[in-house]
Amino acid sequence: GQGWKATQLAMRRRVKPFVCTTTLKAPSAFFNTSHKDFMEQAISKYCGYFWAGHFLYLGRCPANTVHMHYALQVIVNREGLFQLRRDEVSIECGGVIVGFGSPHQLLSPGNAHSWIHLLIDHESDVAKAIAKRHLGEGDFKVLDGALLKRLRACIEVPGNFLGSCRQAGNVYDKLVAELGG
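Here the structure is a predicted model, which means the values were calculated and not measured.

### Concerning the overall build of the protein
If you tally the helices and strands in the protein, you get five helices and ten strands. The buried share of the protein, taken over its 181 residues, is 40%. Taking contacts inside the protein between residues at least 6 apart in sequence as the whole, the part at least 24 apart equals 73%. Of the roughly 9,800 Å² of accessible surface on the protein, a fraction of 57% belongs to carbon and sulfur atoms.

### Brief notes about unusual backbone geometry
Although it is not a glycine, D87 sits at a positive phi angle of roughly 55°. Inspection of the secondary structure puts D87 in the loop between β5 (82-86) and β6 (89-93).

### Overview of the packing of helix α3 (residues 125-134) against helix α5 (residues 165-179)
At a minimum axis separation of 9 Å, α3 and α5 run at an interaxial angle of 35°. Along its contact with α3, which presents V126, I130, R133 and H134, the element α5 presents Y172, V176 and L179.

### Comments concerning the nonpolar core
Counting 29 residues, the largest nonpolar core has Y49, L56, I97, L143, L162 and L175 as its most contacted members. Only β2 (47-51), β3 (54-59), β4 (71-77), β9 (115-121), α3, α4 (145-152) and α5 provide two or more residues apiece to this core. At six residues, the largest contribution of residues to this core is made by α5. In this structure L162 touches Y49, L56, L58, I155, V157, Q167, A168 and V171, once residues within four positions along its chain are discounted. Ranked by size, the runner-up nonpolar core spans nine residues in total, among them F82, L84, C93 and V96.

### Focus on the sheet that holds strand β8 (residues 105-107)
Sheets are built from strands that pair by backbone hydrogen bonding, the pairs being arranged parallel or antiparallel. Pairing within the open sheet is antiparallel, and its three strands lie in the order β6-β5-β8. A strand with exactly one partner marks an edge of an open sheet, and here the two such strands are β6 and β8. Taken pair by pair, the neighbouring strands of this sheet meet at an average axis angle of 25°, ignoring direction. The sheet contact formed by β5 and β8 spans three bridges and is antiparallel. By the bridge assignment for β8, R85 is matched with Q105.

### A short note on α4
Buried within α4 we find L147, L148 and L151. Down the axis of α4, the buried set is contained in an arc of 100°. They therefore lie on one face. Residues of α4 that are exposed and angled more than 90 degrees away from the buried face: G145 and K149. On the buried face of α4, the contacting elements are β4, β7 (95-98), β9, α3, β10 (140-143) and α5.

Definitions and cut-offs
- In this numbering scheme, every chain counts its residues from 1 along its sequence in written order.
- Local features are withheld for residues below a pLDDT of 70 in this predicted model, meaning they are given only at 70 or higher, and side-chain atom pairs are given and counted only at 80 or more; totals for whole chains, interfaces and linings count all residues.
- Excluding hydrogens and water, the side-chain values take into account all heavy atoms of the structure.
- Every helix listed is a DSSP run of H or I at least four residues long, and every strand listed is a run of E at least two residues long, numbered separately from the N terminus.
- Summary of the burial criterion: residues with accessible area below 20% of their type's maximum are buried, those above 50% are exposed, and those between are partly exposed, where the area comes from a 1.4 Å probe applied to protein chains only.
- We call two residues in contact whenever any of their non-hydrogen atoms come within 4.5 Å of each other.
- Surface exposure here means Shrake-Rupley accessible area, sampled with a 1.4 Å probe, where a residue is shielded only by the protein chains that are shown.
- Axis definition: a line fit to C-alpha positions, over the contact stretch in the case of helices; interaxial angles, taken between N-to-C directions, run 0 to 180 degrees.
- The criterion is simple. A nonpolar core is a set of buried Ala, Val, Leu, Ile, Met, Phe, Trp, Tyr and Cys residues joined through side-chain atoms within 4.5 Å.
- A pair of strands is considered paired only if DSSP assigns at least 2 bridges between the two.
- Summarising the geometry, the arc corresponds to the directions from the helix axis toward the C-beta atoms.

Written as structure tokens, this is what we have:
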């Protein structure tokens, strides 16, 4: 309907994100707690930060089936390796860039709770620059070596709670800069 069209138009903007919202899993768990208790609990939760055409998710990889996105996706496991399934092939990696419209499935080890998922509207200038630099004519690239190490270092705090949308924006800027977007 009209809501879908409005969302698609908003996602096609080629402007730098400047407004974001934050979500925490199970916010009711934080009522009636001290600030210290809130912070200690929040760093183990899963957080999402939204901008027009951009989404930064920090947390455990949710169970999923083969799927694809209307976005360029960058995935980094901050703690180790994971399995990426494409067609009948499964590869182990610490990070990957997945082009839009590319079917894939992420298989997470049971103890991996700190992932970076960055989704960027594939029609944005940032996504196009990242895709041109890293994907070329392909639809995915395994991230490893020095680049993977630098991407993991873009978040300097333990856990998944960044504290504010401004801090999430700073992480976004660091990730995009490392990827050449």
